[in-house]
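Architecture and fold: a report
As a plain string of letters, each chain reads:
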Amino acid sequence: ADKLPNVMILATGGTIAGTGATSTTTVGYTAAKIGVERLIEAVPELQKVAQVKGEQVFQIASENMNNEHWLKLAKRVNEVLKKSDVDGVVITHGTDTIEETAYFLNLVVKSKKPVVIVGAMRPATAISADGPINLYNAVALAGSKEAVGQGVLVSLNDEIQGARDVTKTNTITGHTFRAPELGSLGYMVSGQAKFYRSSTRKHTSETEFDVSRLETLPAVDIAYGTANANTLAIDAFAAAGDAGIVYAGTGDGSLSTAVRARLTELRQQGIHINRSSRTGNGPTVRGGENDDDKTDFTVSDTLTPQKARILLMLALTKTKDSKEIQRMFYTY
Ligand SMILES: NC(=O)CC[C@H](N)C(=O)O
């Protein structure tokens, strides 16, 4: 038989490591309780698809994930993937921000080796817990030749999703991770990776971003557009010294007259403004709902506001030129 691939599991917490009061507790349990060794022991089938090692990086619910966690995790992933005896990395993670960590790593991991992020929607103590099968599939995927060069992947519920386009679409159900309209990349079929498409956007070893010397990221926050929109949030972000603001506009990133006027002033004061959409689907089109050349804003293209925040932070580590930043939004 062929030698098994070496897969390193970096554990960060979440429901996959969560415990509930009873076997029927599927909401209202405690995330981030079980250590990585126990997660591995609970799935003896892992030994059939890979030589696995575990490392506990954090033990948190993913709503507490922050920029400093991301920098630490990215540096560790880059270190681990440099080792000749590591073929792939699996990261266990809470599902609430899995898509953000995935996209961040998709932009800053400097390797073609597979990186797969996995979570669960039911805690480890629940009947029909999904963590064990999700972990099995993630380890198999991270050890597969098929996943090499595909960018950071998210796998739950027998699916393979690309970091750029995946989002959590349902608060409680198992079929929550999807790339609405743009589509998933493939399926895990009895532990075999089946890819049907790949992202056309640059990622991992092809990006211009380098976190190796970064200790912090520029501050970028998101304000949400609604009817009756006001400028309270963007005023507060500006007063706090944010380097950039992502505006999750209505529809194709439309802005109320008052919000447009205030964002235009803030741009003149040097704050970068990225126009995105609260709809969760479709491109926010440059020049569509705003004269972006005149106001010197950038648009998020098809990135959701939470992913536009990540790209804007990383872009601001390289340049302050909004034309350059717009190019990055069309590249990654
Ligand atoms: N299903 C989950 O993983 C959600 C648990 C928790 N809120 C987290 O994101 O870590």
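Treat the numbers as computed from the prediction; the structure is a model and nothing was measured.

Calculation rules
- Residue numbers here run from 1 along each chain, matching the order of that chain's written sequence.
- The model is predicted, so local features are restricted to residues of pLDDT at least 70 and side-chain atom pairs to those at 80 or more, both for listing and for counting; the totals for chains, interfaces and linings are taken over all residues.
- The side-chain values count all of the structure's non-hydrogen atoms but skip hydrogen atoms and water molecules.
- Using protein atoms alone on a 1 Å grid, points that fit a 1.4 Å probe yet trap it form a cavity, whereas open point sets bounded by protein on both sides within 12 Å along at least five of seven lines form a pocket; residues with an atom within 4 Å of a point count as lining.
- Grid points are joined across faces, edges and corners, and a volume is the space filled by probe spheres set on the points.
- Side-chain classes are defined by residue name, with Ala, Val, Leu, Ile, Met, Phe, Trp, Tyr, Cys and Pro counting as nonpolar, Asp, Glu, Lys and Arg as charged, and the others, Gly among them, as polar.
- One side-chain nitrogen of Lys or Arg within 4 Å of one carboxyl oxygen of Asp or Glu is enough to make a salt bridge.
- Under the scheme applied here, a residue whose accessible area is under 20% of the maximum for its type counts as buried, over 50% as exposed, and between as partly exposed, the area being computed with a 1.4 Å probe on protein chains only.
- A pair of strands is treated as paired once DSSP finds two or more bridges between them.
- For the purposes of this entry, the term helix denotes a DSSP run of H or I that reaches at least four residues, the term strand denotes a run of E that reaches at least two, and both are numbered from the N terminus.
- To obtain each axis, a line is fitted to C-alpha atoms, and for helices this fit is confined to the stretch in contact; angles are then taken between N-to-C directions over 0 to 180 degrees.
- Contacts are assigned to residue pairs with any non-hydrogen atoms lying within 4.5 Å of each other.
- Here the bounds of each domain stem from an automatic or database domain assignment.
- Computed with a 1.4 Å rolling probe, the buried area is the accessible surface lost when two parts are put together, summed over both parts.
- The scheme is simple: roughly parallel for angles under 35 degrees, roughly antiparallel for over 145, roughly perpendicular for 65 to 115, oblique for anything else.
- Here a residue is considered near a molecule or strand provided that any single heavy atom belonging to it is located within 4 Å of it.
- Nitrogen and oxygen atoms within 3.5 Å of one another constitute a polar contact, given that in protein one can donate a hydrogen and the other can accept it, and given that sequence-neighbouring residues count only through two side-chain atoms.
- Exposure was quantified through the Shrake-Rupley algorithm and a 1.4 Å probe, taking into account, for residues, occlusion by the shown protein chains and nothing else.
- The rule for placing a molecule in a cavity or pocket is simple: more than half of its atoms must lie within 2 Å of the grid points.

1. Section: the layout of surface pockets
Computed from the structure, the largest pocket encloses a volume of approximately 400 Å³. For the largest pocket, the lining is made up of 23 residues, of which T15, T26, Y29, M121 and T171 are closest to its centre. In terms of residue class, the lining of the largest pocket is made up of seven nonpolar, 11 polar and five charged.

2. Quick word on the pattern of salt bridges
Using the criterion set out here, one finds 14 salt bridges in the structure. The salt bridge partner of R286 is D293, with a shortest N-O separation of 2.8 Å. Judged by relative accessible area, which is 27%, R286 ranks as partly exposed. With a relative accessible area of 60%, D293 lands in the exposed category. Where salt bridges share partners, they join R164, D165, R201 and D301 into one cluster.

3. Side note on the sheet that holds strand β4 (residues 115-118)
Taken together, the eight strands give an open sheet; going across it, the order is β2-β1-β3-β4-β5-β6-β9-β10, and neighbouring strands pair in mixed fashion. Edge positions in the open sheet fall to β2 (51-60) and β10 (192-195), since each of these has one partner strand only. Direction aside, neighbouring strands of the sheet carry axes that sit 25° apart on average. Bridge analysis of strand β3 (residues 88-92) against β4 gives four bridges, and the strand direction is parallel. Along β4, the bridge assignment pairs I91 with I117.

4. As for the environment of A243
Mapped onto the fold, A243 is located in the loop between α6 (232-239) and β12 (244-249). For A243, a relative accessible area of 28% puts it in the partly exposed group. A C-alpha to C-alpha distance of 8.0 Å links A243 and L316, two positions 73 residues apart in sequence. What A243 contacts, discounting residues up to four positions off in sequence, is P218, A219, G270, I271, H272 and L316.

5. With respect to the pairing of strand β13 (residues 272-277)
With six of its six residues buried, β13 lies for the most part within the structure. Every second residue of β13 is oriented toward a common face, with H272, N274 and S276 on one face and I273, R275 and S277 on the other, all of them buried. Taken together, the six bridges between β12 and β13 define a ladder with parallel strand orientation. For I245, the partnering residue across the bridge sits in β13 and is I273.

6. Details of the domain arrangement of the chain
As assigned here, the chain comprises domain 1 (6-206) and domain 2 (220-331). Here the C-alpha centre of domain 2 lies 30 Å away from the C-alpha centre of domain 1. Tallying the contact residues gives 18 residues for domain 1 and 15 residues for domain 2. Carbon and sulfur atoms supply 54% of the area that domain 1 and domain 2 bury against each other, a total of about 1,400 Å² over both sides.

7. Topic: the packing of α6 against helix α7 (residues 257-268)
Between α6 and α7, whose axes approach to 10 Å, the crossing angle comes to 10°. Between α6 and α7, the crossing angle belongs to the class labelled roughly parallel. Contact with α6, carried on its side by I234, D235 and A238, involves V259, R262, L263 and L266 of α7 and no other residues of that element.

8. Side note on empty space enclosed by the protein
Counted by the stated rule, this structure contains three cavities of 30 Å³ or more. There is about 60 Å³ of room inside the largest cavity. In terms of lining, the largest cavity is formed by N106, Q150, G151, V152, G162, A163, R164, L185, S199, R201, K202 and H203. Tallied by class, the residues present in the lining of the largest cavity amount to three nonpolar, six polar and three charged. A volume near 40 Å³ is recorded for the second largest cavity. In terms of lining residues, the second largest cavity is bounded by S277, T279, G280, N281, G282, T284, S300, D301, T302, L303 and T304.

9. Re the site of the ligand
What surrounds the ligand is the set G14, T15, Y29, A61, S62, E63, G94, T95, D96, A120 and M121. T15 has a polar side-chain atom sitting 2.8 Å from an oxygen atom of the ligand. Here a nitrogen atom of the ligand and a side-chain polar atom of T95 are 2.6 Å apart. Bound to the protein, the ligand loses 91% of the 290 Å² it would expose on its own. Mapping the ligand onto the cavity grids shows that it belongs to the largest pocket. Along the lines of polarity and charge, the residues of the shell around the ligand split into four nonpolar, five polar and two charged.

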